[in-house]
Every structure is written in structure tokens, then in C-alpha cells.
Number of protein chains: 4
Amino acid sequence: MLTIPIEVRFRDLDAIGHVNNAVYLTYLEQARLAYWAELTGRVDLRSIDIILARVEIDYRSPVSLGESLDVAVRCVSLRRSSCTLALILTERKSGRLVAEAQNVVVYYDYAAGRSLPIPETLRQRIRELDPEVAETSAPGGVS
Amino acid sequence: MLTIPIEVRFRDLDAIGHVNNAVYLTYLEQARLAYWAELTGRVDLRSIDIILARVEIDYRSPVSLGESLDVAVRCVSLRRSSCTLALILTERKSGRLVAEAQNVVVYYDYAAGRSLPIPETLRQRIRELDPEVAETSAPGGVS
Amino acid sequence: MLTIPIEVRFRDLDAIGHVNNAVYLTYLEQARLAYWAELTGRVDLRSIDIILARVEIDYRSPVSLGESLDVAVRCVSLRRSSCTLALILTERKSGRLVAEAQNVVVYYDYAAGRSLPIPETLRQRIRELDPEVAETSAPGGVS
Amino acid sequence: MLTIPIEVRFRDLDAIGHVNNAVYLTYLEQARLAYWAELTGRVDLRSIDIILARVEIDYRSPVSLGESLDVAVRCVSLRRSSCTLALILTERKSGRLVAEAQNVVVYYDYAAGRSLPIPETLRQRIRELDPEVAETSAPGGVS
């Protein structure tokens, strides 16, 4: 598991006065990229080799200006060329649950436009970060 | 069902060169608000009386600069104080499927901070727009 | 001169309830790219050969949800490797002045990381679109 | 003078691979709000009593993923109901100049929709933070 801090910007709010629902996906993206950087040791743009296939998110409580968030991300299941990340957003000071999400991420060759098997070195790093990850070899769909 | 057009902006793309995953939720938001305006006849900020509780989205194909989208939105299930919208994003010229989403929307009193039963006048308008909507009176959860 | 339409999105508003100041630059960007596409006939990402060097913008009146904008863009001065675009944003129905801006745009080789002289074919197209453009050969600075 | 840190997000980049020009205004906004919070001791949404009238910004060097910024903001001139802030963006590690901006900010009553004289208590706080601020009582325009 990895936890990353998020500073809420004024621009993240919408006209209702809370962080806009779409911005949560930007927070999730920051957490995914940090998790991937932790796995691979690489942070540059050219090294991005994952693509987002699916998001589920439950909004649990609104976020106001002046609040700060933490996003905890861990890999809960690992397949041949994709994995599922579970992400939990909490407000830093109060610990209040803000949102829960699952992201399906595919190991991807952007040049070729197709998925690739996740290399064993990455799989091993995932097991180290998240020892309880479930591994399946399910083919088909986003396998 | 209601279909709304979306013009892709340069700013909607990210460093990978495609529309960013979070921006899809902004497109869904435009469609939800248009659907709600169609139901209620009101479009001003003060009349917003829905809150987003949950999003599921499957990204089916990337969107490039110069493409335009259509978002079809229909209400697929209607509960006491919430409903589920199914949204389908397609590229306008090619008809290519871009993403599929489900949104759970709660009828909400922002001043009081709590959900409200969806009034019968709105329920009737939803049935007119989406005659095949499933109606349940399931309590609990986001009912 | 070229005029392009902008549809205001809910996400363009901020917590004050009006279109956020930064979003105006996204509207200007749409107008710049449309102007450049009109000049060059090209719209794909790879063909972007301009970089923004400077913006001046005066915010004249706030924009609310439900309003639509037009952005008029014309080239007011043309130098060796840069030009100045004047942009005027108005609300479509009322014609109300919303903002006035000037953008300095540099003809740029992204691969080499340096400015280039604007080719004569482009200069000629600019003169056709904006016959009153002032031409100077001022060197130095953003020339 | 006040200096605030900015963490660059992946979403801040555009399809060219650098922080998008419009996002700089979001960074400026964070710095303006922090400066105003420092003056007034208030940070909640309801207490926002300034409106942005004008921005000038010169983009000096592009910002890449993985870089972090500092924004230094100081008040350079103080008028009856408005002031000019000078903002300098630098990359944190290298100290590289990224952008320079001036913002004209008006003390504003949002409920009444008009500017107000800046109260003497705020003027005094500005003088304490920025002893070299120029004070003029110029009327007219954005005075």
C-alpha cells in the first residue's frame, strides 16, 4: 500500500462549493502514477505504460476548501495483463472517509496500441508492496 | 433518452494525447444536467437538487483532438430518492463506442444536507422520457 | 478575423458561481487553435507549431451557467517569428462584452526548442484573414 | 511577500507534454488566495471578497512532469479599491524562472456586485507584508 497526499485547490471546487466529482479522478490518477512510479522507479512521461480501463467510485462525503486529502492505494488483484487497484480517499485532519474507488489498469504498449503481459519483475514488486494481492490468470475481457 | 453533443477541447487532452479519463466525468456531468433540465425545465445553479453518489465507467476507446462526442443518457432504474442513469459516449462521425457509464444520482436537499423522496411529478417525467425505467422501492443504501 | 463559439460547461464555473478566470485561457486557446487551423489547414496535434509567450486579459463581466460565448480572434501585428492576436469574448445572446485579451504567439519548432521565422505562405494567409495587420520586422525579445 | 509551493499534477500537463498555459492561472489563484488569507486570517469560501480584473503573464520556460513550483507573490501597488500583485513562478529545485505575472485584484462586494474601498486594516497588513508597496489614490477605471 502507498499513501499520497493531495492538496485541494480552489479550482477543484465547483459551483456547489465542494470538490467536483470529476476532480476525484484526477486525485486517483495522482495516486496511480505514484504507485506505478514506486513499482518501476520511473517517473517520466515516456515511461507511462499503463492505461485506465475502468473506474468505480463511491462518493462518501463532500470536500470543502481548506481540507486536505490522503489517497491510499493498493493492488487487490493481479491478472495476466491488468490489475485492480483499490483506492481510499480520506480527509487528513479528521480521517473522514471521502470516497472509495476501484480502478482497473492495463499494462499497455501505447506505440502498438495493445495490452502486454505484466512482466514478472513488476509482479514481484506488486507482491512486495501488497502481499495480500489476489493473483488470477483469468483470460478474456480485460485480462 | 436524451442525447447531448460534446465538443472536445484541446485542454481535455492529457500528455498522452487523448482525452483524459477525468474529463469523461465532466462530459457525463453535462449530460446529467441536461437530462435534469429536461425533466424539470430549470437550468439555473440554485435549482440543482441532485448529488452524484456513484460512478462506474468503462473506457472503450481513446478520443483524439478533432473528434466530437455524443452522450446518450437514460434513466434505467428509479428508487425512492435516487435513480441510476446509463450513459453511452460515442464519437459523432464514426459512431465508435467511446465509453459506457452508470451514475447513481440522489435527489438531495443541499441546504439540509440530506436526500429527499423524488416527487411524483419528476417520476412521471422520467417515465415519459424513459418508458422502460425499472421502478423499485428498495430502501437502504442509496435508496 | 475568425469567430468561434464556446459552450460553457458546468465544470467551467468555480465556487463563486461564475466561469473561473483560468478557464478563459482555455477559451482563448480554442480560438487560437481554430485561427491557426484556418491559416494552415491542419488540425492534428503533431502539426502544432506555435507556443504561447504572453497573455494579457481584462475581465469585463462574469459569465453564468446557461450562457454561451463567442470568441473573435484577429491578428493585429506580425513580426519575424511571432504575432499578436487580439481576442474579444462576448456573450452570444446579449452581445455583452465578457473579456478582452491579447496573446503573443511564437512560431516554434518544438523538436528543436526554438523559434522560427514565420514562413511567407503563412504571412500571406494572415494578411488575407486580417488585412489590417501591422507588420514589423522588429528583432529582439519575442520578435 | 509570501511564497507558496505548488505540486504539479499529471492533469496540469497538456498534449504538448508541458503544464498548460491556463493552469498557470490556477497556480496564480492559489497564491492570491494564500496572500489574501495571510492578510485577513480567513480562508473560508464565504469570506472571499476580491475579484480578478486583469492578468498579464509572460511564460518564460515550460514545466515538465516531476517538477515542483514556488510562487512568490507581493503587492506592488495599492489603490483605493484595488491592488496589483506581482507574481513570480520558479521551479523549486533549479530555481529556474518559469513565468512572471501581474494581477489586478479588486476589493469587491459580491452580494452588491460592486467594488469597495479597501479598509485601512487591510491596507496596514499589506504594508507590513510588502513595505515597498506604492500607494496611489488614483480614481477611475479599476481604481
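As the structure is a prediction and not an experimental result, all values here were calculated from the model.

### Quick notes on the overall build of chain A
- When you go through chain A residue by residue, the secondary structure sums to two helices and seven strands.
- Written out in order from the N terminus, the α and β elements of chain A read β-α-β-β-β-β-β-α-β.
- For chain A, the C-alpha radius of gyration of 16 Å lies close to 15 Å, the compact-globule estimate for 143 residues.
- C-alpha atoms of chain A, sized along the principal axes, occupy 45 × 30 × 30 Å.
- Within chain A, buried positions represent 38% of all 143 residues.
- Contacts spanning at least 24 positions in sequence make up 69% of the contacts within chain A whose residues lie at least 6 apart.

### Observations regarding the interface of chain B and chain A
- Contacts between the two partners involve 19 residues from chain B, matched on the other side by 19 residues from chain A.
- Broken down by element, the side of chain B that touches chain A gets its largest block of residues, eight residues, from strand β2 (residues 50-59) of chain B.
- Its residues assigned to classes, the side of chain B that touches chain A comprises 13 nonpolar, two polar and four charged.
- Relative to β2(B), strand β2 (residues 50-59) of chain A runs antiparallel, the two sharing five bridges. Bridged to A:V55 within β2(B) is B:I57.

### A closer look at the relation of the copies chain C and chain A
- It takes a turn of 180° to lay chain C on chain A, together with a shift of 0.0 Å along the axis; the resulting RMSD is 0.0 Å. Accordingly, the operation relating the two chain copies is best matched by a two-fold axis.

### Overview of the environment of A:D109
All names here are of chain A.
- Within the secondary structure, D109 sits in strand β5 (residues 97-109).
- Judged by the 11 C-beta atoms lying within 10 Å of it, D109 is exposed.
- In the structure, D109 is positioned 99 residues away from F10 in sequence and 36 Å away in space, judged by C-alpha atoms.
- In contact with D109, other than residues within four places in its own chain, are R114 and L116.

### Concerning the interface of chain C and chain A
- Each partner contributes residues to the interface: chain C has nine residues there, and chain A has nine residues.
- Among the residues forming the side of chain C that touches chain A, the class breakdown is five nonpolar, two polar and two charged.

### Points about the environment of B:D130
Residues and elements named next belong to chain B.
- Topologically, D130 is positioned in the loop between α2 (120-129) and β7 (134-135).
- Residue classification places D130 among the buried residues on the basis of 21 C-beta atoms within 10 Å.
- Distance from D130 to V19, taken between C-alpha atoms, is 30 Å for residues 111 residues apart in sequence.
- The residues touching D130, leaving out its near neighbours within four places in the chain, are M1, R74 and C75.

### Remarks on the relation of the copies chain B and chain A
- For the match of chain B to chain A, the screw axis carries a shift of 0.0 Å, the RMSD comes to 0.0 Å, and the turn is 180°.
- With an isologous cut-off of 70% or more, the 100% of interface residues of chain B that recur at the interface of chain A puts this contact in the isologous class.

### A word on the packing of helix α1 (residues 21-40) of chain C against helix α1 (residues 21-40) of chain D
- Where α1(C) meets α1(D), the closest approach of the two axes is 8 Å, and the angle between their N-to-C directions is 170°. By the angle between their directions, the pair α1(C) and α1(D) is classed as roughly antiparallel. Where α1(C) abuts α1(D), its residues C:N21, C:A22, C:V23, C:L25, C:T26 and C:E29 lie against D:N21, D:A22, D:V23, D:L25, D:T26 and D:E29.
- Grouping the amino acids of the contact of α1(C) with α1(D) by side-chain chemistry returns six nonpolar, four polar and two charged.

### What about helix α1 (residues 21-40) of chain A?
All names here are of chain A.
- Helix length check: α1, at 20 residues, gives a terminal C-alpha distance of 29 Å against a target of 28 Å (1.5 Å per residue), a fit within 8%.
- Within α1, 14 of the 20 residues are buried, which leaves it mostly tucked inside the rest of the structure.
- Backbone geometry just after α1 places G41 at a positive phi near 75°.

### Quick notes on the pairing of strand β4 (residues 82-91) of chain D
Residues and elements named next belong to chain D.
- Extensive coverage of β4 is indicated by the burial of seven of its 10 residues.
- Sheet analysis places strand β3 (residues 68-78) next to β4, joined by nine bridges and oriented antiparallel. Residue pairing for β4: C75 is matched across the bridge by L85.
- Counting the residues between successive antiparallel strands, the hairpin from β3 to β4 contains three residues.
- Pairing geometry for β4 and strand β5 (residues 97-109), over nine bridges, is antiparallel.

### Examining the confidence of the model for chain A
Residues and elements named next belong to chain A.
- Confidence along chain A averages 93 in pLDDT terms, with 95% of residues attaining 70 or more.
- This model gives residues 139-143 a pLDDT under 50, and the stretch forms 10 contacts once residues within four places in sequence are excluded.
- Quick note on the complex model: pTM equals 0.95, ipTM equals 0.93.

### Describing the environment of A:R92
Residues and elements named next belong to chain A.
- Tracing the backbone shows R92 in the loop between β4 (82-91) and β5.
- In this structure R92 comes out as partly exposed when scored by C-beta crowding, with 13 C-beta atoms within 10 Å.
- It is 23 Å that separates the C-alpha atoms of R92 and A15, two residues lying 77 residues apart in sequence.
- Here R92 is in contact with S68, L69 and D70, once residues within four sequence places are set aside.

Conventions and cut-offs
Residue positions within a chain follow its written sequence, with the count starting from 1. Ligands are numbered from 1 and chains lettered from A, in the order in which they are written. Only residues with pLDDT of at least 70 are given local features in this predicted model, and only at 80 or more are side-chain atom pairs given and counted; all residues enter the totals for whole chains, interfaces and linings. We count a stretch as a helix when DSSP gives it H or I for four or more residues in a row; a strand needs E for two or more, and each element gets its number in order from the N terminus. Taken over C-alpha atoms, the radius of gyration is set against a globule rule of 2.2 Å times the number of residues to the power 0.38. Exposed residues have 12 or fewer other C-beta atoms within 10 Å of their own C-beta, buried residues have 20 or more, and residues in between are partly exposed; the C-beta atoms are placed from the backbone. Placing a C-beta atom from the backbone of each residue, one calls two residues in contact when those atoms lie within 7 Å. Amino acids outside the nonpolar list (Ala, Val, Leu, Ile, Met, Phe, Trp, Tyr, Cys, Pro) and the charged list (Asp, Glu, Lys, Arg) are all regarded as polar, and Gly is one of them. Strands pair, by our definition, only if DSSP identifies at least two bridges between them. C-alpha atoms of residues with pLDDT of at least 70 in both copies form the basis for the least-squares superposition of the copies. Between N-to-C directions, angles cover 0 to 180 degrees, with each direction set by a line fitted to C-alpha atoms, over the stretch in contact for helices. An angle below 35 degrees is read as roughly parallel, one above 145 as roughly antiparallel, one from 65 to 115 as roughly perpendicular, and any other as oblique. Here the expected span of a helix is defined as 1.5 Å times the quantity of residues minus one. Each residue carries a pLDDT value, the predictor's own confidence for that position, ranging from 0 to 100.

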